[in-house]
Amino acid sequence: MCFRELQMVKLVSIFLTFSSLLDLVQGHGHLTTPRSRNWVASPQEEGTWSRIPGVPPAESCPHCLNKKLPDRLCGIGNAGDYDEWLDSSGVPMAWQSQAILRLGEEFDVTAFLDTNHAGHMELKLCKYDDSNMALNQACLDAHPLEFVQDLSYGIPKDVNYPERAYFADVGSQSTFHFKFKIPDSYTDIIGEKVLMQWRYITANSCQPQGYKNSDIGDYLLSKGWLRSGGSLADCVEPYEPDGTRTSTSPEQFWNCAEVTVLSGSPVAPSTPSPVAQPPPPVSSPISQPVSDPISQPTSQPVAAPTNVSQGYCNYGPDGTGTTSTCNGQVQGGDWCNQMESQCTTCNGKWCTNGTSNPPPPSPTPPSPAPPTGLPAGYATTTRYWDCSGGACGCAYLANGEPGKETHCHSNAMFVAPTDNPYGAKYYGTAAVSPALFNQNDHSVTWLGEGCGRCWKVTGTANIPGYDTSTTTTIVLKGVNLCPADSNSYWCGNGKVHFDIAAPGFDVLQYSASNTCQDREPAEINGFTACEGWPGQSCDCGKFNDPVLKAGCENFISLMWDNAQVAYEEVPCPYELDRLNCWEENGGAYPFGIPEFCASNLEESMPSPPGTATPTSRPSLRKTLAPTASPTKNPVSPPTGTDSPTQSPVTSNGSNCCSWNNFDCGTDPWCNNSQTNCISFCNGSWISTSPPSNCRLSKWSECTNDPTGCCASTCSGKAGDHYRQCL
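A short tour of the structure in this document, coming up. (Residues numbered from 1 in each chain as written. Predicted model: local features only at pLDDT ≥ 70, side-chain atom pairs only at ≥ 80, totals over all residues. Heavy atoms only, no water.)

**A look at the state of the cysteines**
Covalently bonding the sulfur atom of one cysteine to the sulfur atom of another cysteine gives a disulfide. The criterion, for reference: The disulfide criterion used throughout: a pair of cysteine sulfur atoms within 2.5 Å. Partly exposed residues are those whose accessible area sits between 20% and 50% of the maximum for their type, while under 20% is buried and over 50% is exposed, using a 1.4 Å probe and protein chains only.
This structure, assessed with the given rule, holds 15 disulfides. Between the sulfur of Cys482 and that of Cys491 lies a disulfide, 2.0 Å long from S to S. Its torsion about the S-S bond being 90°, the disulfide of Cys482 and Cys491 is classed as right-handed. With a relative accessible area of 5%, Cys482 lands in the buried category.

Here it is, written out as structure tokens:
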């Protein structure tokens, strides 16, 4: 019998032992940082429902590991035994360290409780031996970690049990942040492969030792975090090693995480490159600026390792490790250069000083995206529609009111043209994670490099009861940011994620900025029609607007419930490129809803005088490959117009084309439509009846009238010598 068959037979026997117990128990918690094996295997992280070598099978309940065999360490979940962790093809998973820790140094730990039963958690370490002979509970018990600080609720350290981190009894669906450290004396566990065991001991059926008649117990009682007012019976050690709950043994949960432990003498950090200082304040009015071309993204510089003999990560001409010649160029970022296994995860080649006669360094290729937990080219998805303006300016001012930026209806998914080059069924938009929004600086939250870029996305239906073999390709344009701080579950830690714009599907419970009731109250029945899908029915017919209704119906036809997808960046098709965002709107929110903000449907477009109707045009956004001049397609003003700054002309009555957000231009063709104005005349589409606070044109001084700029912002701050509408 082959090794894989032996593994599967053992796994089946384990499931037969515990299947009835697992079916009856609802799970309560798991370790999130460092990522435990069962959390890595969750569909939100790396787990797959397919058979992909090197990728773990999806763990449908990562918080359910409250059962294990008495002599095991890591718990049993719905996807298998995490002591003998197999990938989705049945082969043992390769080691993947989730954190680099040092003796004596503090580090962050995050735990999630799906159901809070009070109690405390402990962390223990044991050096992993490939023969697995040294890895046992006795080794773990000999190396408990020291609790340092509760960053979430400030519960103090228990001097009698310094290994414990207590959970505040604040309800379910709670995340807890702590600091721990490894004692300096644990030199025997230094190594690349070290197993961390997380153990959650609950305190809702009996009280673990040390809770009663103690300072920590009094503190928990004063906060209302001691169950039954401290009257529960005492738990009696030793507790049941398989997690069985009795009147004297609490329910317990186990997770295991893979980490690396180094000595307590870190290598001195390299000197950071100097940061360019901002230019001095403008002391006098400046002329109308011309936007600089947006350059192609480049790699972040990576300092050479202090001791190169330990190795470094390198990429070849095609951006992978396959063609690397180990030319001495340190590439891929800090994480990829910490050890060989992480370099391999980054798709690079691990090099040492042993390479003779290395060629001269070649230009650094773009650094690979930070590890996402999924194989290269794969991402996760969710859906949203919160009606807010977003981080790429793809919005208009509802009712012309400043401060009420409203998501363009055109962001909804629509049917792609027949025979399009991507084989896509739909075109749509998405809020993207920081890894796509601004690869080299994840702190950017406005107009990142991902604004206006497009990705071809392919996924498979995953709703039970429907044809789960149906695969659909769509093209998504980046129009918003999925922020990592409030959505770390999906969009943090370098993950690649698409939050697809789908009207009607925003879940108010988890939405950080839903403004639909305020911005579009007439459509509120539609915006809440599919909130509970797929567990509840969805009625897209509640929308009045046909664009929103179509977007709702098109998304539901995918049958994607947070589906995992394959993706690749592609040039934006014309139908997505023309949708109104910040650049198309001339760097401001329009007072009325522009043509390709209100709708994503094809409409007739008048041609400039003397030209044929255009069938396509160069992308308004930067292309994937460098171009000689990555600027908007220049179109000369119609003959006879020297400058678009003459007396107002308002050929359509309610709007006109402007170059300063205040005065209408003189050219009839530019004033004919919003598309002509923005796409061909490089102007801004403004209302001929501006609000009362529109008093100053763009580039005017606003030092003494900071609120008077028309559809622009007064630069600087109060007290500055000179401020300007920009």
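On we go from here.
**Digging into the environment of Cys343**
The line we're drawing: Helix numbers and strand numbers start at the N terminus; a helix is a DSSP run of H or I with at least 4 residues, a strand a run of E with at least 2.
Note on placement: Cys343 falls in helix H5 (residues 340-345). Owing to a relative accessible area of 0%, Cys343 belongs among the buried residues under this scheme. Through-space distance from the C-alpha of Cys343 to that of Asn314 is 8.3 Å; in sequence the pair is 29 residues apart.

**Looking at the packing of aromatic side chains**
Heads up, the condition is: Stacked, tilted and edge-to-face are the three classes applied to pairs of Phe, Tyr and Trp rings, where Trp contributes its six-membered ring and a pair requires centres within 6.5 Å; stacked means planes under 30 degrees apart, edge-to-face means over 60, and tilted covers the rest. Criterion for a charge above a ring: Arg CZ or Lys NZ at most 6 Å from the ring centre, at most 35 degrees from the ring normal.
A full pass over the atoms with the stated rule returns 22 aromatic pairs. Plain terms: the ring middles of Phe176 and Phe178 are 6.5 Å apart, the flat faces sit at 5° to each other, and that makes the pair stacked. Both residues of the pair, Phe176 and Phe178, count as buried. Through a chain of ring-to-ring contacts, the aromatic side chains of Phe147, Tyr153, Phe167, Phe176, Phe178, Phe180, Trp198, Tyr200, Trp225 and Phe253 assemble into a single cluster. Taking NZ or CZ as reference, Lys68 lies 4.7 Å from the ring centre of Trp254, over its face.

**With respect to the side chain of Asn671**
Quick note on the threshold: Distance and chemistry together define a polar contact, namely a pair of N or O atoms within 3.5 Å, with one atom able to donate a hydrogen and the other to accept it when in protein, and with adjacent residues in sequence counting only for side-chain atoms on both sides.
Note on placement: Asn671 falls in helix H13 (residues 668-672). Side-chain polar atoms of Asn671 contact the backbone nitrogen of Cys657, separated by 2.6 Å. At 3.0 Å, the side chain of Asn671 and the backbone oxygen of Gly665 are in polar contact.

**So, the sheet that holds strand E9 (residues 174-181)**
Where we set the bar: Criterion used throughout: strands pair if DSSP finds at least two bridges between them. For every element, the axis is a line fit to its C-alpha atoms; helices are fit only across the contacting stretch, and the angle between N-to-C directions ranges from 0 to 180 degrees.
The strand order E1-E5-E9-E7 describes an open sheet built from 4 strands, whose pairing is antiparallel. At either end of the open sheet lies a strand with only one pairing partner, and these are strand E1 (29-33) and strand E7 (146-150). Looking at each pair of strands side by side, their axes are set apart by 35° on average, direction ignored. With 4 bridges connecting them, E7 and E9 associate as antiparallel partners. Bridge pairing links Gln149 to Lys179 in E9.

**Concerning empty space enclosed by the protein**
To be explicit about the condition: A pocket here means an open set of points on a 1 Å grid, computed over the protein atoms alone, that has protein on both sides within 12 Å along at least five of seven lines. A cavity is instead a set of points where a 1.4 Å probe fits but cannot get out; residues with an atom within 4 Å of a point line either one. Grid points are joined across faces, edges and corners, and a volume is the space filled by probe spheres set on the points. Note on residue classes: Ala, Val, Leu, Ile, Met, Phe, Trp, Tyr, Cys and Pro are nonpolar, Asp, Glu, Lys and Arg are charged, and everything else, Gly too, is polar.
In the structure shown here, the tally under the stated rule is 5 cavities of 30 Å³ or more. Each pocket or cavity is described by its volume, and for the largest cavity that value is around 50 Å³. Around the largest cavity, the lining residues are Asn585, Ala588, Tyr589, Pro590, Phe591, Asn661, Ser684, Trp685, Ile686 and Ala711. For the lining of the largest cavity, the residue count by class is 7 nonpolar, 3 polar and no charged.

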